[in-house]
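# Notes for the structure review
One letter stands for each residue in the lines below.
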Amino acid sequence: MTRVDEIGIGGLGASRRRVEDARFIRGCGNYTDDIKLPGMLHMEVLRSPVAHARIKSIDTSAAWAIPGVRLVLTGEMAAQRNLAWMPTLSYDTQAVLATDKVRFQGQEVACVVADDPYTAKDGCEAIVVEYEQLPAIVNPTQALAPDAPLIRDDKEGQTDNVCYRWEVGDKAGTDRAFARADKVTRLKLHYPRSHPSPIECCGSIANYDPATGKLTVYMTSQAPHIIRAAVALVAELPEHLIRIVSPDIGGGFGNKVPVYPGYVCSILCSILLGKPVKWTEDKSGNLISTGFARDMYFDGELALREDGRILALRFHADTDQGAFFSDAQPSKFKIGLVHSAFACYDIPVGHITARGAYTNKAPGGVAYRCSFRVTEAMFFQERIIAAAAADLGMDPAEFRRVNLVRDDQFPYRTPFGFLTDSGQYRRCLDLGLDAIGYEDFLKDKEEARLRGRRLGIGISTMTEPLGAGNSREYDILGIKMFDSAELRVHPTGKAILRTGAKSQGQGHETTWAQIVSHELGIPAADVVVEEGDTDTAPFGMGTYASRSTPVAGAAVSMVSRKIRAKARKLAAHLLEVSEEDVEWELGRFFVRSAPNRGVTIQECAMAAYGNMPDGLEPGLENNAYYDPPNLTWPFACYLVIVEVDPETGVWDVLRVVAVDDCGVRINPMIVEGQITGGLTEAYAMSNMQFMTFDAEGNCVGSNYLDYLLPTAWETPGFELHEVVTPCPHHPIGAKGVGECAAVGGPAAFVNAVLDALSDTGVRNIDMPLLPDRVWEAITTGRDVSGAPPVKT
Amino acid sequence: MYPARFRYEAPRSLDEALALLAEHGDEAKVLAGGQSLIPMVKLRFASPELLVDINNVPGLGYHREAASGVLEIGALCRHVDLEFSDVLGDLRPTMAAAAPLIADPIVRNRGTLVGSLCHADPQGDWASVMLALDGEVVAVSAAGRRVIPVTEFVTGPFQNALRPGELAVEARVPVPRGVPLGRYLKLERRVGDFATVGVAVAVETSDGTVTRAGIALTGVGANNIKAVDAERVLVGSTLDRATIAESARLAAEAAKPRTDHRGSEAYKRHVVRTFVERALHPRPAVAA
Ligand SMILES: Cc1cc2nc3c(=O)[nH]c(=O)nc-3n(C[C@H](O)[C@H](O)[C@H](O)COP(=O)(O)OP(=O)(O)OC[C@H]3O[C@@H](n4cnc5c(N)ncnc54)[C@H](O)[C@@H]3O)c2cc1C
């Protein structure tokens, strides 16, 4: 009797190769743009060239005259169907096609459907729009100035450009703590606008079949079930006649959660024409019109005691929301989870105020690899932590050690109400310091300084809330943030698993099978995973916010356990003993008193269809819906060493050490891939990447010459380490990890550069730390702001 | 990105190409590596009626040293050919330094030096190299052939001196006399980026004294700039510290940068100065 070897069958902890890669690396994926339906027409969107203007007239006659043009859709026509505007996921409205004004450069004004995409584009060029330009607003300061032009004059009762106000914490208690402080550290900074920029742009093929009344939409959605619900609610189509299919997706990063005008237009055009209509966004369209991230201004303070303890925190945040409040975030908090800031530190009291501003920029505010503004929160946290340590003249590692929540404090309630439940924060920090050789580096740095070289080290430690939600606090359109899995085990013991999540590169097809393996002992290779088709997958809320493993992954465990429970009955029947006498080991039930007498899970599967006991229904299928009791709280410690060239401001990354505690790792290779990707994005954001605007509201970053993605050449190497503190409430102890490095990483890079400049008096340089900004800081000794507008 | 309608011809000989260009004049555009033209056409920044693809024209892929010692670079010589060239050798250090800094490997596989000169992008690297080296362009048409110095070839941003019907068949670089010292320094935000600032330096010395000096700048003006005064102070010097500093100062003065999202005017000027100093007075870079 040899036991099933869990790693051998690709179970928990196996660095199993990604099964989906076999088709991706051969160019055999099936993306939305690969799908071609008979009789399919092509749609192109006409976008506004200006940021803020009243539309005086739209003349479409020349477009209609082009042979091959089938439909020219304007806002006015959409309005006849009550579809010129649509609700957003943040309870605002957003224009589908502009009727009154355009409110950002790149806004959708009209669309053309033609026999081929070239003709559709010709059609767009033939449309004549007369604009009356209005002053453009590109930052919250301009937006909130008393004489600012009103952007949302479409909204009844809206008299200014304030989009929301929000507040949390204990103001009086915080004020008292600040009054007692030995020292107060203050920091102001701007986290620049960035864009998730997936390689595959957004797109859809809407196919309304007039004969059956069924609408099928193939589209690039991270959350197909939400889209189905939204289409049913907004377009008032019957939900059973809507099928949303998300085929392979070439990266999402949060960009493919919202509902975009292009999707809606393709659906409307297909209904009007009774033909399949394909829309494929181009790169510039994606960069200038779809969900951005960040664009947030912080001004905050820490109250400090002489011995290094933090007594209280407070900050105000202004968010630049763009023209419509369409944050795709499911929490009941207006500014997402920004109040998870400082959750890893033991700070008794705090107070946060926040305000959103409408501006003439693209809307979105989505999470670019981030759970609803935790990236900004953790960035500000780690930047002001570094500043506070400097103000106290304390070593930044020691300052963290003094303030981090201790292991024996869990479960720990933060001043803003979150419950962090597990972690070994100091151990992670010490492991990181050890790995990078902290003490030795500090000596090297001093010696180098004597020779005119500027070295610096940056630390970032943080825990973040991943895996929305729990149903108390998180919902979309009233639908709670659970997730689901359905498992069907076939007679020969092979299985198909479907979940309500949707992989965009995360490797669900590989990882989910490993969870089934771990629970049932079926080899991972015998489990096929399918997601993204609302006609076949169980209802789920999709993949973003690192929620797949915490929520859908938990559902996979739970459904497997249901299957195991039924298989136990079958095993008892086959072994002719009572159920209580049956024991489980991976892949096999056996008789407790006679361990050699056993049946495999595969034998149970066959019995489920061919030899079931009386009274037991046939089949070995089930599903599970999982509502997580809490978020998961991974912890990370990132350390970066840089060298700054003081003559040019160019900085090179010499080392990056990462210690991640994301609980139990299902597939360590995939986890490392996620961390590597996240650190790459962190490096990009700190070093080169930003989406900015000039004074007229022109987007500077509408292409890959201006919006930079790092290549393998300049991306530094990463040294990865792990600590495992299992999540106490997740069935297999896993926590989210997809976002940690992108969330916690940027501050480590910025802190490192500022450490190299520690003798200059410079406290802040806004990201990205472009060479000219670093040079300016060195030569002037002053902070450098990166807030738009920029000169072009 | 869908271009407007255009006609496409792929002539198989130079004569055929020239005939097409003669016939269509202004309406035709030559397609060489396509690394600038195709994006422009796809973005509809350019909508030529006819593309004359010269990639099937035989015998234009060369770069070679002529008997006279002049370096000749054919219209289909790709960036990558120069990157891995054994013709450039020690005699053309500025070119050897620039080639691997153009764009990224994918673009270098297709793009051409001559195409880059014709495109006349002020952020293009080759034009600076050619200005520093006193290069020339050979233009041919059905009517004949002429040789144009690069100083006159680039006439404005994205404008060159070619007449309708003319094809640039070759670029030329004169023979270096004396010991060549050359570098190309480029500040880019990442691989494949156009230069925030680029500096081409090509100096020839004889017994330690400078006999010829070329300095040209990328990305700091409406065109690539030949920093004539900065060149002049070097000639006759022994590349002593003071002269290098003066040359660097003059080069920075010749630059006409604009503040944009890549950097401020002051910063770009400062980098020109730093790069000229570093190029002429090579020492280990401060950053590793
Ligand atoms: C992503 C990317 C990054 C880049 N980065 C850089 C960089 O860092 N530095 C840099 O210098 N360049 C860069 N480039 C531009 C690249 O070097 C191009 O190859 C070059 O500018 C044009 O050469 P080509 O052969 O591709 O010309 P094409 O694109 O074929 O043509 C460009 C123009 O020149 C004309 N033309 C071309 N050949 C001739 C000829 N023989 N006679 C007459 N007219 C002609 C064409 O009609 C067209 O107007 C980059 C390009 C890309 C796509």
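- An unreviewed UniProt entry lists chain B under the name Xanthine dehydrogenase family protein subunit M, with Umezawaea endophytica as the source organism.

- As annotated in an unreviewed UniProt entry, chain A carries the name Aerobic carbon-monoxide dehydrogenase large subunit and comes from Umezawaea endophytica.

## Focus on the overall build of chain A
- The number of helices and strands found in chain A is 19 helices and 34 strands.
- Across its three principal directions, the C-alpha atoms of chain A cover 85 × 75 × 50 Å.
- For chain A, with 792 residues in total, the buried portion stands at 64%.
- Surface exposure of chain A reaches about 27100 Å², of which carbon and sulfur atoms provide 51%.
- Charged side chains in chain A number 78 positive and 102 negative. The centres of these two groups are separated by 2 Å.

## Examining the overall build of chain B
- Helices and strands together make up the secondary structure of chain B, namely 11 helices and 14 strands.
- Dimensions of chain B, computed from the C-alpha atoms along their principal axes, are close to 55 × 45 × 30 Å.
- Scored against the burial criterion, the 288 residues of chain B give a buried share of 52%.
- Here the contacts in chain B between residues at least 6 apart in sequence split such that 62% fall between residues at least 24 apart.
- Here chain B contributes 33 positively and 34 negatively charged side chains, and the mean placements of these two sets differ by 5 Å.

## Concerning the sheet that holds strand E3 (residues 50–53) of chain B
Residue and element names in this part refer to chain B.
- The strand order across the open sheet built from three strands is E1-E3-E2, with neighbouring strands paired in parallel fashion. Pairing within the sheet leaves two strands with one partner each, and these edge strands are strand E1 (7–9) and strand E2 (28–31). Strand-to-strand twist across the sheet, computed as the mean angle between neighbouring axes with direction ignored, equals 25°.
- With four bridges connecting them, E2 and E3 associate as parallel partners. The residue of E3 that forms the bridge with leucine 31 is aspartate 53.
- Its contacts with the sheet put helix H1 (residues 14–24) on E1, E2 and E3, and the angle it makes with E3 is roughly 160°.

## With respect to the packing of helix H17 (residues 668–687) of chain A against helix H18 (residues 740–756) of chain A
All names here are of chain A.
- Contact geometry of H17 with H18 gives a least axis separation of 7 Å together with a crossing angle of 45°. Between H17 and H18, the interaxial angle falls into the category oblique. At the point where H17 passes H18, the crossing takes the right-handed sense. Mapping the contact onto sequence places Ile675, Gly678, Leu679, Glu681, Ala682, Tyr683, Met685 and Ser686 in H17 and Ala741, Ala742, Gly745, Pro746, Phe749 and Val750 in H18.
- Residue composition of the contact of H17 with H18, grouped by class: 10 nonpolar, three polar and one charged.

## Focus: the sheet that holds strand E1 (residues 41–47) of chain A
All names here are of chain A.
- Strands sit in the order E3-E7-E1-E14-E11-E12-E13 across an open sheet of seven strands; the sheet is mixed. Here the strands that pair on one side only, and so sit at the sheet edges, are strand E3 (69–74) and strand E13 (242–245). Strand-to-strand, the axes of this sheet are offset by a mean angle of 20°, without reference to chain direction.
- Note that E1 and strand E7 (residues 108–114) share six bridges and pair antiparallel.

## Points about the site of the ligand
All names here are of chain B.
- Surrounding the ligand, one finds 30 residues, the nearest of these being Val30, Gly34, Leu37, Thr112 and Asp125.
- At a separation of 2.6 Å, an oxygen atom of the ligand approaches a polar backbone atom of valine 30.
- Take alanine 32: an N or O atom from its main chain is 2.8 Å from an oxygen atom of the ligand.
- In the complex, 91% of the free accessible area of the ligand, which totals 960 Å², lies under the protein chains.
- In terms of residue count, helix H6 (residues 113–119) provides more of the shell around the ligand than any other element does, five residues in total.

## Side note on the domain arrangement of chain B
- Splitting chain B by domain gives domain 1 (7–53), domain 2 (63–173) and domain 3 (179–280).
- When each unit is reduced to the centre of its C-alpha atoms, the spacing between domain 1 of chain B and domain 3 of chain B is 35 Å.

## Points about a nonpolar patch on the surface
All names here are of chain A.
- On the surface, a cluster of nonpolar side chains totalling about 240 Å² of accessible area is made up of Leu233, Val234 and Leu477.
- Here valine 234 shows up in helix H7 (residues 224–234).
- By relative accessible area, valine 234 is classed as partly exposed at 34%.

Calculation notes
- Residues numbered from 1 in each chain as written.
- Chains lettered and ligands numbered in written order.
- Predicted model: local features only at pLDDT ≥ 70, side-chain atom pairs only at ≥ 80, totals over all residues.
- Heavy atoms only, no water.
- Helix = DSSP H or I, 4+ residues; strand = E, 2+ residues; numbered from the N terminus.
- Buried < 20%, exposed > 50% of the residue type's maximum accessible area, 1.4 Å probe, protein only.
- Areas by Shrake-Rupley, 256 points an atom, 1.4 Å probe, with all protein chains shown as cover.
- Lys, Arg positive; Asp, Glu negative; His and termini not counted.
- Charge placed at Lys NZ, Arg CZ, Asp CG, Glu CD.
- Contact = heavy atoms within 4.5 Å.
- Pairing = 2+ DSSP bridges.
- Axes fitted to C-alpha atoms, helices over the stretch in contact; angles between N-to-C directions.
- Parallel < 35°, antiparallel > 145°, perpendicular 65-115°, else oblique.
- Left-handed = near helix turned anticlockwise from the far one by under 90°.
- Nonpolar A, V, L, I, M, F, W, Y, C, P; charged D, E, K, R; others polar.
- Near = heavy atom within 4 Å.
- Polar contact = N/O pair within 3.5 Å; in protein donor to acceptor, adjacent residues only side chain to side chain.
- Domains from an automatic or database assignment.
- Patch = residues over 30% accessible without salt bridge, like charges linked within 9 Å, V, L, I, M, F, W, Y side chains within 5 Å.
- Salt bridge = Lys/Arg side-chain N within 4 Å of Asp/Glu carboxyl O.

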